Amino acid sequence: MAATTYERLKLHITTEKFYVEACDDGVDDVLIIDRVSTEVTLSVKKDIPPSAVTRTIFGILGTIHLVAGNYLIVITKKIKIGEFFNHVIWKATDFDILSYKKTMLHLTDIQMKVQTKSDNSRSEIQIEHKWGVEEIADCANADTVAVPETLDTQPEVSVKLQDNKTFLAMINHVLSVDGFYFSTTYDLTHTLQRLSNTSPEFQEMSLLERADQRFVWNGHLLRELSAQPEVHRFALPVLHGFITMHSCSINGKYFDWILISRRSCFRAGVRYYVRGIDSEGHAANFVETEQIVHYNGSKASFVQTRGSIPVFWSQRPNLKYKPRPQINKVANHMDGFQRHFDSQLIIYGKQVILNLVNQKGSEKPLEQAFATMVSSLGNGMIRYIAFDFHKECKNMRWDRLSILLDRVAEMQDELSYFLVDSTGKVVTNQEGVFRSNCMDCLDRTNVIQSLLARRSLQAQLQRLGVLHVGQKLEEQDEFEKIYKNAWADNANACAKQYAGTGALKTDFTRTGKRTQLGLVKDGWNSLIRYYKNNFSDGFRQDAIDLFLGNYSVDELESHSPLSVPRDLKFLALPIIMVVAFSMCIICLLMAGDTWTETLAYVLFWGVASVGTFFIILYNGKDFVDAPRLVQKEKID
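Structural notes, computed from the coordinates.

1. Brief notes about the overall build of the protein
Thinking step 1. The helix and strand inventory of the protein stands at 21 helices and 20 strands.
Thinking step 2. Counting all 636 residues of the protein, 55% fall into the buried class.
Thinking step 3. Relative to all contacts within the protein whose residues are 6 or more apart in sequence, the contacts with residues 24 or more apart total 68%.
Thinking step 4. Total accessible area on the protein is roughly 28,100 Å²; 55% of this is exposed by carbon and sulfur atoms.

Okay, here's the thing in structure tokens:
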């Protein structure tokens, strides 16, 4: 089987089936999905009924089961990112979620059944239709469809219809986050070095079979297709992260420069709800970033990783600007820590850890825990370097980052980079990676990674003959602009996917210096992060858990996890605080007969508003938007 998927597809829709037609030259394959039985089969084009409604699609993202039945998710728009090694790379920009269930052709029948069985049919309806009824699915899938009055009398029906709408909104939210990439002919999930060290059998595998499952974000959605090898050419692995490609010129020599960030789908989530590692050793916000150069047939690659501090810790939002991190006091940290680095050593080789967190304040215990774990593990393949980024670079002294670069220069030379010449001969292998982290593995991490990547690129371009002896990459103004903007865009993409806003400190990445305007933008982004982390990240975390299969919908579940009633205080206390503060202002503006009377009113309402504020702050965890689908604390 060739390691490609079909590039040109047409979707033919009938009331009974979906027909996905492969339109590549010389191909007669048609994927048929039965909308009633959900059976997936392979057929030929002559089986497509002429009455089917036809549309062009660019890939099957997969299928998902919700309350109202199964849904097919397809890619409907794409943009070309570029080409390398004669392979086209695309970004998926729009999707459609199509219900397996038919239109409301039999809604009247359902209404009649409900009416005739109104005395004893609540459980009967649930069993008979199993919440996969096509009519209910349509009601749940469309905001403009009126729910039948008879169904409204069934509370559980209304709850499940609303749940289905919420689940659909979650899937749509994940799909709306920028950064889904794919290729029908190239394996984007592996680095150049991993791809160079493969067997002939690997080369013959389908893209889905051979993909690194850490980076296949639609792996859960493709589970039904993956079980049938004969339909794998319809199964398109999709990467989430960032890809940019540029054709560049230095000294009149043209080369392609590519930056790829692969975001892991293991322990994926949002900033404050997913920290540390899980019991399998998967780190939160783990991203593999590869920088590639292609010149005259020769290819060079430099890989780095980032990931949350690999111990069991959490940092749940609680309305405070910066919640205090909590290290789990009962977990077996060494077990998870060793699992994490065992896998990292197998995949990447030597590990040079760059821990950029503060070495004082609330971040200090995490730095100490990380250092202690590395020391206790005692593995000579792992080296640990702590660099207090904020302390070293305070007062905008970002030139002091050279201290860290000088400190690791010899290690970087030892790790080297991957290089294969135009004949396909491997010249050098990368012997290990820098594993960088700060608290979020975003802003500080991205700055350091961009500097390390530039140093590697300098060596690669000199070896390839693009740069002359003694020439510095920093002196190439046109390329430097491309380079800095690309790394800043990478920072923004990773930050939006994890924290919900663009990255901080990108003014340094783009210009090479810290600016006052950059500080203002960072302040604004920090405020947006604060709001999202406290008041919308629960929904975002639920959306990711649903999309990746960490939570599976059970339409027969008696209790909906989305309809957990909230305590009266969630509404009462904020109202009391607002009313008290308003009364305090009114008393100031509308003075009483005497100043003592005015002062008494102001003090009363002022104390009431301040007191309520501190009560809310004290119970902060109860007021934030928390995940509902996966209830357990994500620290195990």
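On we go.
2. A short note on the pairing of strand β6 (residues 59–66)
Thinking step 1. Here β6 lies mainly inside the structure; seven of its eight residues are buried.
Thinking step 2. Both β6 and strand β7 (residues 69–84) contribute to a ladder of seven bridges, which runs antiparallel. Within the sheet, the bridge partner assigned to Gly59 lies in β7 and is Ile75.
Thinking step 3. Here β6 folds back onto β7 in antiparallel fashion, the turn holding two residues.

3. Description of the pattern of salt bridges
Thinking step 1. Under the definition given, this model contains 29 salt bridges.
Thinking step 2. In this structure, Asp537 and Arg540 form a salt bridge, with 2.6 Å as the shortest nitrogen-oxygen distance. One end of the pair is Asp537 and the other is Arg540, both in helix α18 (residues 537–548) and three residues apart, which spans about a single turn.
Thinking step 3. Overall, the relative accessible area of 0% leaves Asp537 in the buried class.
Thinking step 4. One salt-bridge network, held together by shared partners, links Arg194, Asp212, Arg214, Arg262, Glu288 and Glu290.

4. Digging into the packing of aromatic side chains
Thinking step 1. Under the definition given, this model contains 21 aromatic pairs.
Thinking step 2. Taking the centre distance of 6.0 Å and the plane angle of 40° together, the rings of Phe479 and Tyr483 count as tilted. Residue Phe479 and its partner Tyr483 are both found in helix α15 (residues 477–498); the two are separated by four residues, about one turn of the helix.
Thinking step 3. Phe479 sits in the buried class, given a relative accessible area of 2%.
Thinking step 4. The class for Tyr483 is buried, based on a relative accessible area of 1%.
Thinking step 5. Three or more aromatic residues joined by ring pairs make a cluster, and in this case those are Phe255, Trp257, Phe479, Tyr483 and Trp487.
Thinking step 6. The ring of Trp90 carries Lys78 above its face, with NZ or CZ at 3.6 Å from the centroid.

5. Here's the deal with the side chain of Arg529
Thinking step 1. Here Arg529 is to be found in helix α17 (residues 516–535).
Thinking step 2. Polar contacts involving the side chain of Arg529 include one to the side chain of Asp443, which spans 3.2 Å.
Thinking step 3. Apart from residues no more than four positions distant in its own chain, Arg529 is found in contact with Arg271, Asp440, Leu442, Asp443, Ala495, Ala499, Thr501, Gly502, Ala503 and Leu504.

6. Points about the environment of Thr38
Thinking step 1. By the element assignment, Thr38 lies in the loop between β3 (29–34) and β4 (40–44).
Thinking step 2. Expressed as a C-alpha distance, the spacing of Thr38 and Asn70, which sit 32 residues apart in the sequence, is 7.9 Å.
Thinking step 3. When neighbours within four sequence positions are excluded, Thr38 is seen to be in contact with Asn70, Tyr100 and Glu224.

7. Side note on the environment of Ala92
Thinking step 1. Within the element layout of this structure, Ala92 appears in strand β8 (residues 87–99).
Thinking step 2. If we ignore the near neighbours within four places in the chain, the residues touching Ala92 are Ile75, Lys77, Lys78, Phe180 and Phe182.

8. Quick notes on unusual backbone geometry
Thinking step 1. Despite not being glycine, Asn296 shows a phi value in the positive range, around 50°.
Thinking step 2. Considering the arrangement of structural elements, one finds Asn296 in the loop between β12 (287–295) and β13 (298–306).
Thinking step 3. Since its relative accessible area comes to 62%, Asn296 is described here as exposed.
Thinking step 4. In this structure, Cys441 takes a positive phi of about 60° despite not being glycine.
Thinking step 5. By secondary structure assignment, the location of Cys441 is in the loop between β20 (432–437) and α14 (443–464).

9. A short note on the state of the cysteines
Thinking step 1. Inspection of every chain in the model, using the stated rule, returns zero disulfides.
Thinking step 2. With no disulfide partner, Cys584 has as its closest neighbouring cysteine sulfur the one in Cys587, 6.9 Å distant.
Thinking step 3. The class of Cys584 is buried, set by a relative accessible area of 11%.

10. Section: α18
Thinking step 1. Taking 1.5 Å of rise per residue, 12 residues should cover 16 Å, and α18 covers 16 Å from first to last C-alpha, within 8% of that figure.
Thinking step 2. In terms of residue burial, α18 counts as a mostly covered element, since 11 of its 12 residues are buried.
Thinking step 3. For α18, the set of buried residues is Asp537, Gly538, Arg540, Gln541, Asp542, Ala543, Ile544, Asp545, Leu546, Phe547 and Leu548.
Thinking step 4. Trailing α18 by a residue or two, Gly549 shows a phi angle of about 85°, which is positive.

11. Here we look at α14
Thinking step 1. End to end, α14 covers 31 Å across 22 residues, agreeing with the expected 32 Å (1.5 Å per residue, within 8%).
Thinking step 2. Of all 22 residues in α14, 18 are buried; the element is thus mostly enclosed.
Thinking step 3. Once α14 finishes, Gly465 follows within two positions and takes phi at roughly 85°, a positive value.

12. Quick notes on the side chain of Asn164
Thinking step 1. Turning to its location among the elements, Asn164 is positioned in helix α5 (residues 155–176).
Thinking step 2. Classification of Asn164 by relative accessible area gives buried; the value is 0%.

13. Examining the sheet that holds strand β1 (residues 9–13)
Thinking step 1. Strands sit in the order β4-β3-β2-β1-β5 across an open sheet of five strands; the sheet is antiparallel. Two strands in the sheet have a free side with no partner beyond their single neighbour: β4 and β5 (53–57). Across the sheet, the mean angle separating the axes of adjacent strands is 25° when strand polarity is ignored.
Thinking step 2. Examined bridge by bridge, strand β2 (residues 17–22) and β3 share five bridges and lie antiparallel to one another. Across the sheet, the residue bridging to Phe18 is Ile33, located in β3.

The rules behind the values
Residues numbered from 1 in each chain as written. Predicted model: local features only at pLDDT ≥ 70, side-chain atom pairs only at ≥ 80, totals over all residues. Heavy atoms only, no water. Helix = DSSP H or I, 4+ residues; strand = E, 2+ residues; numbered from the N terminus. Buried < 20%, exposed > 50% of the residue type's maximum accessible area, 1.4 Å probe, protein only. Contact = heavy atoms within 4.5 Å. Areas by Shrake-Rupley, 256 points an atom, 1.4 Å probe, with all protein chains shown as cover. Pairing = 2+ DSSP bridges. Salt bridge = Lys/Arg side-chain N within 4 Å of Asp/Glu carboxyl O. Phe/Tyr/Trp six-rings, centres within 6.5 Å; stacked < 30°, edge-to-face > 60°. Lys NZ or Arg CZ within 6 Å of the ring centre and 35° of its normal. Polar contact = N/O pair within 3.5 Å; in protein donor to acceptor, adjacent residues only side chain to side chain. Disulfide = S-S within 2.5 Å. Expected span 1.5 Å × (residues − 1). Axes fitted to C-alpha atoms, helices over the stretch in contact; angles between N-to-C directions.

Interpretation note: all reported values are geometric properties and have no functional meaning in isolation.
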